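Fold and geometry: a report
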Amino acid sequence: MPEGDSVWRAAARLHAALAGHELTRSDLRVPRFATADLTGRTTLDVTPRGKHLLARFEGGLTLHTHLGMDGSWRVFGADEKWHGGPSYEIRAVLGTSARTAVGYRLPVVELLRTSEEDRAVGHLGPDLLGPDWDAEKAAANLLALPGRPLGEALLDQRNLAGIGNIYKSELCFLAQVTPWTPVGGLPDPPTTAVRLAGAAHRLLRANTGADAVRNTTGLRRRGQELFVYGRARRPCLRCGTPVREAPQDDRPTYWCPRCQSGPTPST
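Residues numbered from 1 in each chain as written. Predicted model: local features only at pLDDT ≥ 70, side-chain atom pairs only at ≥ 80, totals over all residues. Heavy atoms only, no water.

Spelled out, the test is: UniProt positions are given in the numbering used here, feature names are shortened, and annotations may be inferred rather than shown by experiment.
Under an unreviewed UniProt entry, the name given to the chain is DNA-(apurinic or apyrimidinic site) lyase, and the organism recorded is Streptomyces vinaceus. In its Catalytic activity (unreviewed entry) section, UniProt records this for the chain: "2'-deoxyribonucleotide-(2'-deoxyribose 5'-phosphate)-2'-deoxyribonucleotide-DNA = a 3'-end 2'-deoxyribonucleotide-(2,3-dehydro-2,3-deoxyribose 5'-phosphate)-DNA + a 5'-end 5'-phospho-2'-deoxyribonucleoside-DNA + H(+)". Its UniProt record gives the chain a comment under Sequence similarities (unreviewed entry), which states: "Belongs to the FPG family."

See the structure below:
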């Protein structure tokens, strides 16, 4: 499931493959931009912005893509067979003489002027992995609606950009409150919100390595990389109580009923 750290790694792979090289192949397989041709343009950089990817080309053009729930960018050698899904799932192809980047199942493929990037990403809050990261600002955004459940507030990219459903559950566990706890109901809300934002930043940053396996526990045993996410009915790694699962905003959400206090769907 793509979250800020996996999007960051995707941007790094695309940047390494394309930046500084002239495109010899360009194919955007979405109706609006099906006739657009980027061949002959040099890729300047590929930058992540929260869960968004911005590939910038000479001439002032940017390709904006989003991975959604199951999208991906794959990079192949010139003679390598593409793999990552059937051909009808391909939404974008960018190639040089040595590498080809293929975007599968991308829900957003948009070509825009680089000067107009804010139209696509200007609504985002501080980027957890970007140069604009500001824990105090992110905390203030979270606290702006004190009655909102913490899990929903963490997923709102307007508050802070980069958290997905996995980190939502993990951060609520680390804060020792359930995802349904109102932001204003956190213990000492201003202090806790800043600490929570800082923890999110540290976790995502720690998981940006090229070969990183997403890990929030610090444990290296297989199956113990995450405290609660995906562990329904399995023992909590901290106290041994079976982890519970319930939907929040139609997304599977996990918590430990002993380690985390606060409201739950059954209360």
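1. Topic: the side chain of Thr 192
Formally: Secondary structure follows DSSP: runs of H or I at least 4 residues long count as helices, runs of E at least 2 residues long count as strands, and numbering of each begins at the N terminus. For the exposure calls, accessible area comes from a 1.4 Å probe over protein chains only, and a residue counts as buried if that area is under 20% of its type's maximum, exposed if over 50%, partly exposed in between. In the analysis that follows, any N or O atom pair within 3.5 Å is treated as a polar contact, provided that within protein one partner can donate a hydrogen and the other can accept it, and provided that, for residues neighboring in sequence, both atoms belong to side chains.
On the secondary structure map, Thr 192 appears in helix α6 (residues 189-206). The exposure class of Thr 192 is buried, given its relative accessible area of 15%. A polar side-chain atom of Thr 192 sits 2.3 Å from the main-chain carbonyl oxygen of Pro 187.

2. Some remarks on the domain arrangement of the chain
Note the following rule: Residue ranges assigned to each domain were obtained from an automatic or database domain assignment. Note on contacts: a residue pair is in contact if any heavy atoms of the two residues lie within 4.5 Å. By definition, the buried area sums, over both parts, the 1.4 Å-probe accessible area that each loses when the two are put together. By convention in these notes, a salt bridge is any Lys or Arg side-chain nitrogen within 4 Å of a carboxyl oxygen on Asp or Glu.
As far as domains go, the chain holds domain 1 (4-122) and domain 2 (135-255). If you average the C-alpha positions of domain 1 and of domain 2, the two centres end up 29 Å apart. Taken together, the contacts link eight residues of domain 1 with 14 residues of domain 2. In total, domain 1 and domain 2 occlude about 820 Å² of area from one another, counting both sides; carbon and sulfur atoms represent 49% of this. In terms of surface lost to domain 2, no three residues of domain 1 exceed Asp 5, Arg 9 and Lys 51, which account for 61% of the buried area on that side. At the boundary of domain 1 with domain 2, the tally comes to one salt bridge. For the salt bridge of Arg 214 with Asp 5, the shortest nitrogen-to-oxygen distance reads 2.9 Å. For the pair domain 1 and domain 2, the number of links is five residue pairs in polar contact (both at pLDDT 80 or more).

3. Side note on the pairing of strand β9 (residues 244-248)
Convention followed: Strand pairing requires that DSSP identify at least two bridges connecting the strands.
Sheet topology places β9 next to strand β10 (residues 251-255); five bridges connect them, and they run antiparallel. Among the inter-strand pairings, Glu 245 is bridged to a residue of β10, identified as Tyr 254. Counting the residues that bridge the hairpin from β9 to β10 gives two residues, and of these Asp 249 lies at a positive phi of roughly 55 degrees.

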